[in-house]
Amino acid sequence: MAVPKRRTSKQRKRKRRTHYKAQDDARQACPKCGDPKRPHRVCPTCGHYADREVVQIDDF
């Protein structure tokens, strides 16, 4: 089995890992109110999910 001859430097290791990034969370428009929400979750603005009211929100 091959064994590295020299230790990988911090700089080389960090250059290789520059592409490992956290992705933005997905957002889509709520079909009821149009505000952005995460998919497959209740809309925090209007309280609707799949064309029915799940959570009672007084402001809407």
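Analysis parameters
- Residues numbered from 1 in each chain as written.
- Predicted model: local features only at pLDDT ≥ 70, side-chain atom pairs only at ≥ 80, totals over all residues.
- Heavy atoms only, no water.
- Helix = DSSP H or I, 4+ residues; strand = E, 2+ residues; numbered from the N terminus.
- Rg over C-alpha atoms; globule rule 2.2 N^0.38 Å.
- Disulfide = S-S within 2.5 Å.
- Patch = residues over 30% accessible without salt bridge, like charges linked within 9 Å, V, L, I, M, F, W, Y side chains within 5 Å.
- Areas by Shrake-Rupley, 256 points an atom, 1.4 Å probe, with all protein chains shown as cover.
- Salt bridge = Lys/Arg side-chain N within 4 Å of Asp/Glu carboxyl O.
- Lys, Arg positive; Asp, Glu negative; His and termini not counted.
- Charge placed at Lys NZ, Arg CZ, Asp CG, Glu CD.
- Buried < 20%, exposed > 50% of the residue type's maximum accessible area, 1.4 Å probe, protein only.
- pLDDT = per-residue confidence, 0-100.

Asks: For this particular structure, what's the right way to read the overall build of the chain?
Replies: Regarding its fold elements, the chain presents one helix and four strands. Counting helices and strands in the order they occur from the N terminus, the chain gives α-β-β-β-β. Here the C-alpha radius of gyration of the chain, 23 Å, is well above what a compact globule of 60 residues would show, namely 10 Å. Overall size of the chain, expressed as C-alpha extent along the three principal axes, is 65 × 25 × 15 Å.

Asks: Just to check I follow, could you spell out the state of the cysteines for this structure?
Replies: Under the counting rule described, the total for this entry stands at zero disulfides. With no disulfide of its own, Cys30 lies closest to Cys46 among cysteine sulfurs, the gap being 3.7 Å.

Asks: Would you mind showing me how to read a positive patch on the surface here?
Replies: A surface patch of positive charge is lined by Arg12, Lys15, Arg16 and Arg17. Tracing the chain through its elements places Arg16 in helix α1 (residues 10-16). By relative accessible area, Arg16 is classed as partly exposed at 46%.

Asks: Where do I start with unusual backbone geometry in this structure?
Replies: Excluding glycine, most residues fall at negative phi; most peptide bonds, likewise, are trans. In this structure, His40 is a non-glycine residue whose phi angle is positive, near 65 degrees. Tracing the chain through its elements places His40 in the loop between β2 (36-37) and β3 (48-49). One non-glycine residue with positive phi stands out, namely Asp51, at about 60 degrees. Tracing the sequence through the fold places Asp51 in the loop between β3 and β4 (52-53). Residue Asp51 is classed as exposed on the basis of its relative accessible area, which comes to 73%.

Asks: Looking at this structure, I do not really get a nonpolar patch on the surface. What am I missing?
Replies: A grouping of Val42, Val54 and Val55 is seen on the molecular surface, where their side chains present a nonpolar patch of about 200 Å² in accessible area. Examined against the element boundaries, Val54 turns out to sit in the segment after β4. Here Val54 falls in the partly exposed class, since its relative accessible area comes to 43%.

Asks: Just checking my understanding: could you explain the confidence of the model for the chain for this structure?
Replies: In low-pLDDT regions, the fine details of the predicted coordinates are not to be read closely. In this model, the chain carries a mean pLDDT of 90, and residues with pLDDT of at least 70 account for 97%. Across the chain, the element-wise mean pLDDT spans from 84 in β4 up to 96 in α1.

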